Amino acid sequence: DIAINSLYTTGKVEISSAGLESAGININGTVYDPKLRINDIGGTNPAQVILHRHSTTLQPVFIGARTNSDTSAHAAVTANQYLLSLIAAGYSGTHYDLFGSIDFIASSLGSISSTSSPGKLRLALTPDGSNIPATVMTIDADASVVLFGDILVSDKKISRAMLIDSGFTYLDKGNSGTTTQT
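The rules we used
- Residues numbered from 1 in each chain as written.
- Predicted model: local features only at pLDDT ≥ 70, side-chain atom pairs only at ≥ 80, totals over all residues.
- Heavy atoms only, no water.
- Helix = DSSP H or I, 4+ residues; strand = E, 2+ residues; numbered from the N terminus.
- Areas by Shrake-Rupley, 256 points an atom, 1.4 Å probe, with all protein chains shown as cover.
- Salt bridge = Lys/Arg side-chain N within 4 Å of Asp/Glu carboxyl O.
- Buried < 20%, exposed > 50% of the residue type's maximum accessible area, 1.4 Å probe, protein only.
- Pairing = 2+ DSSP bridges.

Help me get a handle on the overall build of the protein, residues and values and all.
Looking only at helices and strands, the protein features one helix and 14 strands. Total accessible area on the protein is roughly 13000 Å²; 56% of this is exposed by carbon and sulfur atoms.

Okay, structure coming up:
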């Protein structure tokens, strides 16, 4: 059974089963206190959210939309602004830590206007010994794919040296992903 509670005077809504988390969730020292939170403490159903639609023409859609304004006015987003992030966090003993994210970004390739909205996709995963996700792959508006690290094909490893010998270009993660080497 689920109860919908308006526990807060600040316009927040909580959908919860028995038990409540305290206000917000601490991820790497940052407390995220959302407007809508779904708690499921001790639940047995594997899914907390399902978007389900019966339609022969429309699929379920999840939308994250951003305007570049802190007021009710609208303003165009700019290059390199993050538009939507899906963040994965897990409890590490004293708080939640980030394990990775998928970020949708306004690309710096091209121009942003009412007829042009170049996008970029960033996949970040947290390496061992850290709690901060690092970029492992980007796909930009020109369909360029940048991988940070080695490429494994089944049990065969393609090294950066092999890519250089083949005339490919890669970004050396030792140079903070800013130096292109061929």
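Please provide a residue-by-residue account of the pattern of salt bridges, values included.
Within this structure, the stated rule accounts for one salt bridge. Of the charged contacts, one joins Arg 122 and Asp 103 as a salt bridge, the two residues approaching to 2.5 Å between their closest N and O atoms. Of this pair, Arg 122 sits in strand 8 (residues 119-125) while Asp 103 sits in strand 7 (residues 96-106), placing them 19 residues apart in sequence. Neither Arg 122 nor Asp 103 differs from the other in exposure class; each is buried.

How would you summarise the pairing of strand 8 if you had to cite specific residues and measurements?
Bridge count for strand 7 against strand 8 is seven bridges, and the pairing is antiparallel. If you follow Asp 103 over to strand 8, its bridge partner there is Arg 122. In this structure, strand 8 lies alongside strand 9 (residues 134-139), joined through five bridges in antiparallel fashion. Bridged to Ala 124 within strand 9 is Thr 135.

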